[in-house]
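Listed below are the residues making up each chain.
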Amino acid sequence: MKTGTDITKKLVFAVAVAVVLALPWMTGPYTTQLFILTMTYGMLGLSFAFTIRVGLPRFDSAAWWGVGAYTTAILMTKADMSFWLTLPIAGIVSMAVGFLIYRIAIPRGMMVFLMFGMVIALAIQQLFGSVEFFGGWGGTEVIEAPAIGGLVFDGKRELYYLGLGFLGFNLICYYALMRSRIGRSWNAIGQSVKLASSVGINVVRYRMANVLISNFFLALTGSFYMAFSLVAVPATFGLDKSLNVIMYVIIGGIAYSLLGPLVGALILAFVPEYMRVAAEYESIITAVVIILVVIFLPEGVLGWVSGRARPWLLRRRPWVRSVGSKNKEPESG
Amino acid sequence: MDLSLFPQILLNGLMIGGIYALIASGFTLILGVIQVFNFAQGQFYMLGAFIAIAVVTNLGLPYPVAIIVALLATAILGALLYFAVIQWTTRSGFFNTMLVTVAFGTIVAQTAMLSFGSREAVLPPVVPGTLSLGGVTIPNGKLVVIAGAVVVMAALHFFMKTRIGVSMLAASENRDVASLQGINPKRVFWITMAVGCGLCGVAGALVAPVLAASGTMGSTIFIKALLVVLVGGTGSMSGALLAAFVVGIAESFAFHFVGHLGLLVIFVLVAILIFFRPGGLLGKPLPVPGE
Amino acid sequence: MLLEIKDLWVHYGSAEAVRGVCLGVGEGEIVTLLGANGAGKTTTLRTISGLKKATSGEIWYKGERIDGLPAHERVKQGIAHVPEGRQLFYTLTVLQNLQMGGYLWKNRSESKKRLEELCEHFPNLKERLHHQASDMSGGEQQMVAVARALMARPKVLLMDEPSLGLSPIMVQEVARIVEQIHQSGVAVVLVEQNARMALKLAQRAYVLEVGAVTVSGEAAAISKDDTVTRAYLGY
């Protein structure tokens, strides 16, 4: 039996990889563009799902995404740097600035972190918009598409594969981190801060490491965003985008820290596209859907599917629970 | 520095401080009693402003009536938010409930924009003219806002001393024991939502004759109300009140001197404050849900 | 019987806390539940007052089934509960605590009258009405908790470990108050660690072991029962 399911599992995986690789040839440029956006949003969702594992919901993911995009844009236009060189710099800038800010917020616990995040989201957006150096509210543009040797990433297909590369890097790193020793400490913190600190885990330091890693990947996603949008506008990186990122994670299923954000982003990118409703009603419908999902599928689409699918197809990752959920069962007397 | 502008800036600060006080205390009340992070708070503020404008300009009713209509409408909507949504999601955790308030806020904001239009709107001044005080001219409209905010805060203070108000505090401290006294927790919760959201509606109605109302006014003010809560100490009503005026006045001066960067200046100041005083101005601990 | 419980089962998750308990409380009677820690005494009280939902079984009060009612409705019917460890509203004053106990009095003068009556029974409360509940000593807090429960004029008072952590003098005081409540015609269900005191006060007693009733009967008879005295009275 066991070998049988193993083969099926491998087969499913192979078919999935083949479909993902062949997608740009099966669809038109518009749909490919949608897939590129889905990957971008999926990567943002991954960063959110990553910090939620230490019990910290971040409402500033779009802001750090913007930091990455702006770093790349500024370095490419003002310092004439190559796209690839700006990637690590963007990550480091995002981590360094994040460190200064989170030194204040993280020791104060989840609630302050959460509110701080919202304020940061607004403050960073204001910074990009009102400082002339960043190009003002009109934003800043880059002209050059990234290239390796003769391969220029300027068409939709090339960008799709570039996005796959970024996404794959994200997934591998997150997976490795979760499986590592530090990942186990993060899980402990996510389950109970009190318990974790009682077994000697330095909660503040571990949370800081987690958030800064998330910051790094957010900035990287920002650089990738510059590669296909070629323009950074402050309005893109507002609080509403951070909220959307959270929606992806919740719709996908907050307990599925790798697959959940991707599924959520896919659903929220494509479903409105095919619903063909007037733009004014789109956000209302999305909001209603989110309310319904939280009430009726509190574990997200994946949680709902895995309750029905065969266990080998989607293995639940039980180490993440929704933040602040209380299991207050009094002791029996 | 032009000293003659000083009283004007101070007055502006007091005015926005009063508005922050209403929104932040509504937020703190809901967070403290129901343990819900109500993200829709800012949208109720926007709704209050638009309702007041509609009542005055479309129905031709006097402004005080408009304030009461705005209060009732937002309070009812707040109670509806509890009955339709929050009571079903509190079981699945703090974070899910918070997201649902985000979604509800979006619905409110979008519906308001569709029905009131997305252009900016403003009421004609209610009490036109100015007041001259020792060579300083003060527009009456701003005084009305400050007076209104003070009256509402006083009313809230007395409300919290009544049987219902005390039962809200009791339920926030120990839900089980409160129900052993015959207090229906659900009833307390929806009343808290109604009061907390109604406070925002009143705030919106109060500023309608002074500031232009727009579809985006809600989200910005909410973030600033969060700043106020951070400065005042999470969960402290009196702290929020004090912080509201401190932030309001500081913001007013900062905007006067550095324009749009004012918000960044305020943010840095708040960050420094929280670094040195984790519990906010009044130095209270943080009784917060989660963790 | 004023209050009757039939075949009550209660679970915490998959763990059984109460296994088929049957008990009855007559009008104006003192009934005590004895048993070791974790025997299910507190859970039984919490299920009677509605804080915990029973898995199965029936709770009858004045000839009506009340197990479907939420806790605040049961208070209205006349069942008051003094929870374990007192659990006052510590952010409120003593007076506000008592007012919350009288929450169901819609009529202000009714509530005031009841408050004055109770101040006579609890003389040391009177001068401390405006103190913060958290400033009171353990014994005083227990008095406030009992007075708060009595504000609603209950027919049945559930008391969970009222003497826990109190000085011997205060324990005497608690015993006196329980006796007084009994005298005023209120039935009392008393859960106590101090089995000797409980058996002296009560008319009838139930002994719980691992969630089930093992011995029950007249308190006077039980205090002579060998196995019980050895286990709970320490002879």
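See the structure printed just above.
Presented here is a report on the structure given in the accompanying data block. (Residues numbered from 1 in each chain as written. Chains lettered and ligands numbered in written order. Predicted model: local features only at pLDDT ≥ 70, side-chain atom pairs only at ≥ 80, totals over all residues. Heavy atoms only, no water.)

Notes on the overall build of chain A
From N to C terminus, chain A includes 13 helices and 4 strands. By the compact-globule yardstick of 20 Å for 333 residues, chain A fits well, its C-alpha radius of gyration being 20 Å. If you line up chain A on its principal axes, its C-alpha atoms span 70 × 50 × 40 Å. Put simply, chain A has 333 residues, and 53% of those count as buried. Looking at chain A alone, contacts between residues at least 24 apart form 78% of all its contacts between residues at least 6 apart. Side-chain charges of chain A comprise 26 positive and 15 negative groups, with the mean position of each set lying 16 Å from the other. (Helix = DSSP H or I, 4+ residues; strand = E, 2+ residues; numbered from the N terminus. Rg over C-alpha atoms; globule rule 2.2 N^0.38 Å. Buried < 20%, exposed > 50% of the residue type's maximum accessible area, 1.4 Å probe, protein only. Contact = heavy atoms within 4.5 Å. Lys, Arg positive; Asp, Glu negative; His and termini not counted. Charge placed at Lys NZ, Arg CZ, Asp CG, Glu CD.)

Some remarks on the overall build of chain C
Scanning chain C from N- to C-terminus turns up 10 helices and 10 strands. The C-alpha radius of gyration computed for chain C amounts to 17 Å, which stays within 12% of the reference 18 Å derived for 235 residues, consistent with globular compactness. With the C-alpha coordinates of chain C rotated into their principal frame, the extents come out at 45 × 40 × 30 Å. Counting over 235 residues, chain C shows a buried share of 54%. Total accessible area on chain C stands at roughly 10200 Å², and carbon and sulfur atoms take up 49% of it. Seen as two clouds, the 27 positive and the 26 negative side-chain charges of chain C have centres 4 Å apart. (Areas by Shrake-Rupley, 256 points an atom, 1.4 Å probe, with all protein chains shown as cover.)

Looking at the nonpolar core
In this structure, A:F59, A:F116, A:M118, B:F37, B:F39 and B:F95 are the most contacted members of the largest nonpolar core, which totals 212 residues. The element that contributes the greatest number of residues to this core is helix α5 (residues 110-130) of chain A, accounting for 15 residues. A:F116 has contacts with A:I101, A:I104, A:A105, B:L230, B:F267, B:A271 and B:I274, leaving out every residue within four places of it along the chain. By size, the runner-up hydrophobic cluster in this structure holds 47 residues, among which are C:F122, C:L129, C:A149 and C:L166. (Core = buried A, V, L, I, M, F, W, Y, C linked by side-chain atoms within 4.5 Å.)

Observations regarding the interface of chain C and chain B
The interface of chain C with chain B comprises 22 residues on the first partner and 18 residues on the second. A buried area of about 2000 Å², summed over both sides, lies between chain C and chain B, and 59% of it is on carbon and sulfur atoms. Counting the surface chain C buries against chain B, the share from its top three residues, C:H72, C:F89 and C:Y103, is 36%. One can count 1 salt bridge joining chain C with chain B. Of the charged contacts, one joins C:R46 and B:D176 as a salt bridge, the two residues approaching to 3.4 Å between their closest N and O atoms. One can count 7 residue pairs in polar contact (both at pLDDT 80 or more) joining chain C with chain B. Of all the secondary structure elements, the ones that give two or more residues to the side of chain C that touches chain B are α1 (41-49), α2 (71-77) and α3 (94-101) of chain C. Residue classes in the side of chain C that touches chain B are distributed as 12 nonpolar, 7 polar and 3 charged. (Buried area = accessible area lost by both parts, 1.4 Å probe. Salt bridge = Lys/Arg side-chain N within 4 Å of Asp/Glu carboxyl O. Polar contact = N/O pair within 3.5 Å; in protein donor to acceptor, adjacent residues only side chain to side chain. Nonpolar A, V, L, I, M, F, W, Y, C, P; charged D, E, K, R; others polar.)

Points about the pattern of salt bridges
Note that side chains of opposite charge can pair when their charged atoms are close. Residues and elements named next belong to chain C. Scanning the entire structure with this criterion turns up 12 salt bridges over all chains. A salt bridge links E161 to K41; the shortest N-O distance between them is 4.0 Å. Of the two residues, E161 is situated in the loop between β7 (156-160) and α7 (168-183) and K41 in helix α1; the sequence distance between them amounts to 120 residues. Grouping residues by exposure puts E161 and K41 together as buried. One salt bridge connects R176 with E173, and the closest N-O pair in it is separated by 2.8 Å.

Quick look at the interface of chain B and chain A
With 47 residues of chain B in contact, the opposing surface of chain A contributes 47 residues. Interface area for chain B against chain A, summed over the two sides, is near 4100 Å², with a carbon-plus-sulfur share of 83%. The interface formed by chain B and chain A includes 0 salt bridges. Summed over the shared surface of chain B and chain A, the result is 0 residue pairs in polar contact (both at pLDDT 80 or more). Among the elements that line the side of chain B that touches chain A, the one with the most residues is helix α4 (residues 94-116) of chain B, at 14 residues. Partitioning the side of chain B that touches chain A into residue classes produces 34 nonpolar, 12 polar and 1 charged.

Topic: the packing of aromatic side chains
Residues and elements named next belong to chain A. Per the stated rule, a full pass over the model turns up 40 aromatic pairs over all chains. On the basis of an interplanar angle of 35 degrees and a centroid distance of 5.8 Å, the ring pair of W25 and Y161 is categorised as tilted. One end of the pair, W25, is in helix α1 (residues 2-26); the other, Y161, is in helix α6 (residues 156-179), and 136 residues separate them in sequence. On the numbers, 5.3 Å between centres and 55 degrees between planes, the contact of F224 with F228 is tilted. One end of the pair is F224 and the other is F228, both in helix α9 (residues 203-229) and 4 residues apart, which spans about a single turn. Taken as a pair, F224 and F228 share a single burial class, namely buried. Pairwise contacts between aromatic rings join Y41, W65, Y70, F128, F133, F134, F166, F224, Y225, F228, F237 and Y248 into one cluster. Taking the ring centre of F133 as reference, the NZ or CZ of K78 above it sits at 4.4 Å. (Phe/Tyr/Trp six-rings, centres within 6.5 Å; stacked < 30°, edge-to-face > 60°. Lys NZ or Arg CZ within 6 Å of the ring centre and 35° of its normal.)

A short note on the sheet that holds β7(C)
Residues and elements named next belong to chain C. Spatially, 6 strands are ordered β6-β7-β8-β3-β9-β10 in an open sheet, and the strand pairing comes out mixed. Looking at which strands have only one partner, the edges of the open sheet turn out to be β6 (79-82) and β10 (212-218). Averaged over all neighbouring strand pairs, the angle between strand axes comes to 15 degrees, with direction disregarded. As judged from the 6 bridges shared by strand β9 (residues 204-209) and β10, these two strands associate in the antiparallel manner. Bridge pairing in β10 places E209 opposite A212. (Pairing = 2+ DSSP bridges. Axes fitted to C-alpha atoms, helices over the stretch in contact; angles between N-to-C directions.)

Quick word on the environment of B:A149
Residue and element names in this part refer to chain B. Here A149 lies in helix α5 (residues 140-159). For the pair A149 and S92, spaced 57 residues apart in sequence, the C-alpha to C-alpha distance is 36 Å. In this structure A149 touches G18, L22 and L206, once residues within four positions along its chain are discounted.

Some thoughts on the packing of helix α1 (residues 6-33) of chain B against α5(B)
Residue and element names in this part refer to chain B. Running from N to C, α1 and α5 cross one another at 30 degrees; their axes reach a closest spacing of 9 Å. Comparing the axis directions of α1 and α5 gives the class roughly parallel. Crossing of α1 over α5 shows left-handed handedness. For the pair α1 and α5, the contacting residues are L11, N12, L14, M15, G18, I19, A21, L22 and S25 in the first and K142, L143, V145, I146, A149, V152, M153 and L156 in the second. (Parallel < 35°, antiparallel > 145°, perpendicular 65-115°, else oblique. Left-handed = near helix turned anticlockwise from the far one by under 90°.)

Digging into α9(A)
The α-helix winds at 3.6 residues per turn, so residues separated by three or four positions along the chain end up facing the same way. Residue and element names in this part refer to chain A. Between its first and last C-alpha atoms α9 spans 38 Å; for 27 residues at 1.5 Å apiece the expected length is 39 Å, and the two agree. In terms of burial, α9 is largely enclosed, as 21 of its 27 residues are buried. Of the residues one or two after α9, L230 is the one with positive phi, at around 65 degrees. (Expected span 1.5 Å × (residues − 1).)

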